[in-house]
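Now for the letters of each chain:
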Amino acid sequence: MNTNKIILKLARNKKPYVVVKAPNNKILSTSELYERKAGAQNLVKALKKALKNPVVIDETKQPKK
């Protein structure tokens, strides 16, 4: 797969942030921590417009036990 990745993550303090990775899996950028997930999702929307066909991965969803 030769595409950029936008990864939505949670920090240890449970605040969301965004990481952008290149096709070679190197980190291109890491965002600030957001107070709410909606703020990070707005950044993801903007990045989707700026990057060519990125893959979006949401790692904030907690697995159900």
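Before any of the text, the structure's been laid out above.
Every value quoted in this text rests on a predicted model; they were computed, and no experiment measured them. In this convention, every chain numbers its residues from 1, walking through the sequence in written order. Only residues with pLDDT of 70 or above have their local features reported here, since the model is predicted, and side-chain atom pairs are shown and tallied only from 80 upward, although totals for entire chains, interfaces and linings are computed over all residues. The basis for every side-chain value is the complete set of non-hydrogen atoms in the structure, without hydrogens or water.

Caption draft 1: The pattern of salt bridges, seen in detail. Salt bridge, as applied in this entry: a Lys or Arg side-chain nitrogen positioned within 4 Å of an Asp or Glu carboxyl oxygen. Tallied over the full model, the rule gives three salt bridges. A salt bridge links Lys 15 to Glu 35, with the nearest nitrogen and oxygen atoms 2.7 Å apart. Here Glu 35 lies in the loop between strand 3 (27–30) and helix 1 (37–50) and Lys 15 lies in the loop between strand 1 (5–10) and strand 2 (16–21), a separation of 20 residues in the sequence. Only protein chains enter the accessibility calculation, which uses a 1.4 Å probe. A residue is then buried if its area is under 20% of the maximum for its type, exposed if over 50%, and partly exposed in between. On the basis of relative accessibility, which here comes to 25%, the residue Lys 15 falls in the partly exposed class. A salt bridge links Asp 58 to Lys 37; the shortest N-O distance between them is 3.2 Å. Residue Asp 58 is found in strand 4 (residues 55–58), and its partner Lys 37 is found in helix 1; the two are separated by 21 residues along the sequence. Going along the chain from the N terminus, every DSSP run of H or I of four or more residues is numbered as a helix, and every run of E of two or more is numbered as a strand.

Caption draft 2: A look at the environment of Lys 26. Locating Lys 26 in the fold gives a position in the loop between strand 2 and strand 3. Relative accessible area serves as the criterion here: at 57%, Lys 26 is assigned to the exposed category. In this structure, the C-alpha to C-alpha distance between Lys 26 and Asn 4, residues 22 residues apart in sequence, is 9.7 Å. Two residues form a contact once any of their heavy atoms are found within 4.5 Å. Each residue touching Lys 26, except ones within four places of it in the same chain, is listed here: Val 20 and Lys 21.

Caption draft 3: Quick look at the side chain of Thr 60. Within the secondary structure, Thr 60 is located in the segment after strand 4. Under the rule applied, a polar contact is a pair of N or O atoms within 3.5 Å (in protein, one hydrogen donor and one hydrogen acceptor; residues adjacent in sequence only if both atoms are side-chain atoms). Within the local environment of Thr 60, its side chain forms a polar contact with the side chain of Lys 37, the two groups lying 2.9 Å apart. A distance of 2.4 Å separates a polar atom in the side chain of Thr 60 from a polar atom in the side chain of Asp 58. The residues contacting Thr 60, other than those within four sequence positions of it, are Leu 8, Lys 9, Leu 10 and Lys 37.

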